[in-house]
Amino acid sequence: MNKLILVLSCLVLLATSCKTLGISQTSQTQTTQQVSLGSIGLDKASLLQKEYKTTALPTYKEPIKVTASIHNFTKASYKAFLKANELQPTNLEIKVLDSAVIKPVYIQLHIADKLAIIKTLNNTDNTEVKSYLKNNAHTNILSSVSIALNQKQLELIKNADAIFLVESSPKTYALQLHNDGERTDLIKFNDGIIFGYKTSHCCWQENKRRNVDIVDLVEKNSSCPNSTYRSGLKAEKKINQIKF
């Protein structure tokens, strides 16, 4: 019995070590799949691996503000990059050498304008996506990614005055860079290697028309604010109870 407990404990520890990587004192889930910031999906877990399964792509007619931070590769993040690089079709090659004077870096992207995302998801352009989110409480929005890019693209992002998430074509997302108030370069997510991500989930509440809307986005393991619900169906049920 004690041996069985020991084996199970080791497996849990092994599975946990495969799921996350430490990046800037935050925990991100590793991925080997090509995913996009702003997409909707589900965490798909097995015993030794956890991946993100994209299930819906909202329409983003208006640009969404994004922030970018630059980080040196650690042993954990570089290992995650190498795994992803084997499966994502790019010619990107990055080598981390202790003797190198200039250390290779990657970009961590975050959705900065949460209100713009909420407004977009409640918009009539995304009626079907909103209905899907309401009926599937375990879905979440990919709100942060770690991406490795070539040196030219890294410099473009470093020097940009502003960065926005846009649709470069229907249901295909990209980063639109701005300088001096003008649009400059467009960087597609499949130009680089994405090896980590973080998600947020929706919080629901009754609106003035006695329907439910998305009113907040919180990190996956965080609770929704008071009087809001993780499940859109639960929020709707509360409205119906009040009506009767």
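Every value quoted in this text rests on a predicted model; they were computed, and no experiment measured them.

### Quick notes on the overall build of the chain
Line of reasoning, step 1. Each helix and strand counted, the chain has six helices and twelve strands in total.
Line of reasoning, step 2. The buried share of the chain, taken over its 244 residues, is 43%.
Line of reasoning, step 3. Considering only residue pairs separated by 6 or more positions, the chain has 65% of its internal contacts joining residues 24 or more positions apart.

### A few points about the pairing of strand S12 (residues 212-219)
Line of reasoning, step 1. The buried fraction of S12 amounts to six of the eight residues, a majority that puts the element mostly inside the structure.
Line of reasoning, step 2. Direction of pairing for strand S11 (residues 193-206) relative to S12: antiparallel, over a ladder of seven bridges. For Cys 202, the partnering residue across the bridge sits in S12 and is Leu 217.
Line of reasoning, step 3. Once S11 ends, the chain turns through five residues before running back antiparallel as S12, passing Arg 210 with a positive phi of about 65°.

### A closer look at the pattern of salt bridges
Line of reasoning, step 1. Counted under the stated rule, the structure contains nine salt bridges.
Line of reasoning, step 2. Lys 198 is the salt-bridge partner of Glu 219, the closest N and O atoms lying 3.6 Å from each other. Here Glu 219 is found in strand S12, whereas its partner Lys 198 is found in strand S11, with 21 residues between them in sequence.
Line of reasoning, step 3. A salt bridge links Glu 206 to Arg 210, with the nearest nitrogen and oxygen atoms 2.3 Å apart.

### A look at helix H4 (residues 127-135)
Line of reasoning, step 1. Those residues of H4 lying buried are Val 129, Lys 130, Leu 133 and Lys 134. For H4, the buried positions fall inside an angular range of 140° around the axis, keeping them on one side.

### Notes on the nonpolar core
Line of reasoning, step 1. Ranked by size, the top nonpolar core spans 41 residues in total, and within it Leu 37, Leu 109 and Phe 189 carry the most contacts.
Line of reasoning, step 2. In contact with Leu 37, not counting residues within four places along its chain, are Val 66, Leu 109, Ile 111, Leu 142, Ser 143, Ser 144, Val 145, Leu 165, Tyr 173 and Phe 189.
Line of reasoning, step 3. The next biggest cluster of nonpolar side chains, apart from the first, holds eleven residues, and it includes Phe 81, Ala 84, Tyr 106 and Ala 148.

### Overview of the state of the cysteines
Here, disulfide denotes a covalent bond that connects the sulfur atoms of two cysteines.
Line of reasoning, step 1. Enumeration over the complete set of coordinates arrives at one disulfide.
Line of reasoning, step 2. What pairs with Cys 203 in a disulfide is Cys 224, and their sulfur atoms sit 2.1 Å apart. Taking the torsion about the S-S bond as the criterion, the Cys 203 to Cys 224 disulfide, at about -90°, is left-handed. Taken together, the positions of Cys 203 in strand S11 and Cys 224 in the loop between S12 and helix H6 (232-243) put the pair 21 residues apart, joining distant regions of the chain.

### Details of the pairing of strand S5 (residues 64-72)
Line of reasoning, step 1. One ladder, built from three bridges, connects S5 with strand S8 (residues 162-169); its direction is antiparallel. For Val 66, the partnering residue across the bridge sits in S8 and is Ile 163.
Line of reasoning, step 2. Relative to strand S6 (residues 105-111), S5 runs antiparallel, the two being bridged by seven bridges. Bridging across to S6, Ile 70 finds its partner in Ile 107.

### Observations regarding the environment of Ser 223
Line of reasoning, step 1. Within the secondary structure, Ser 223 sits in the loop between S12 and H6.
Line of reasoning, step 2. Its relative accessible area of 65% is what places Ser 223 among the exposed residues.
Line of reasoning, step 3. With 22 residues separating them in the primary sequence, Ser 223 and His 201 have C-alpha atoms 9.5 Å apart.

Quick notes on the rules
- Along each chain, the written sequence defines residue order, and numbers are assigned to residues from 1.
- At least 70 in pLDDT is required for a residue's local features to be given in this predicted model, at least 80 for side-chain atom pairs to be given and counted, and no such filter applies to totals for whole chains, interfaces and linings, which use all residues.
- For the side-chain quantities, the full set of heavy atoms in the structure was used; hydrogens and water were omitted.
- By the criteria applied, helices consist of DSSP H or I runs no shorter than four residues and strands consist of E runs no shorter than two, each listed in order from the N terminus.
- Burial classes: relative accessible area under 20% of the type maximum marks a residue as buried, over 50% as exposed, and values in between as partly exposed (1.4 Å probe, protein chains only).
- Throughout, a residue-residue contact means that at least one pair of heavy atoms, one from each residue, lies within 4.5 Å.
- When DSSP finds at least two bridges between two strands, those strands are taken to pair.
- By definition, a salt bridge exists where a carboxyl oxygen of Asp or Glu is found within 4 Å of a side-chain nitrogen of Lys or Arg.
- Along the arc lie the directions from the helix axis toward the C-beta atoms.
- For the purposes of this section, nonpolar cores are sets of buried Ala, Val, Leu, Ile, Met, Phe, Trp, Tyr and Cys residues that join through side-chain atoms within 4.5 Å.
- Note that a disulfide, as used here, is simply two cysteine sulfur atoms within 2.5 Å.

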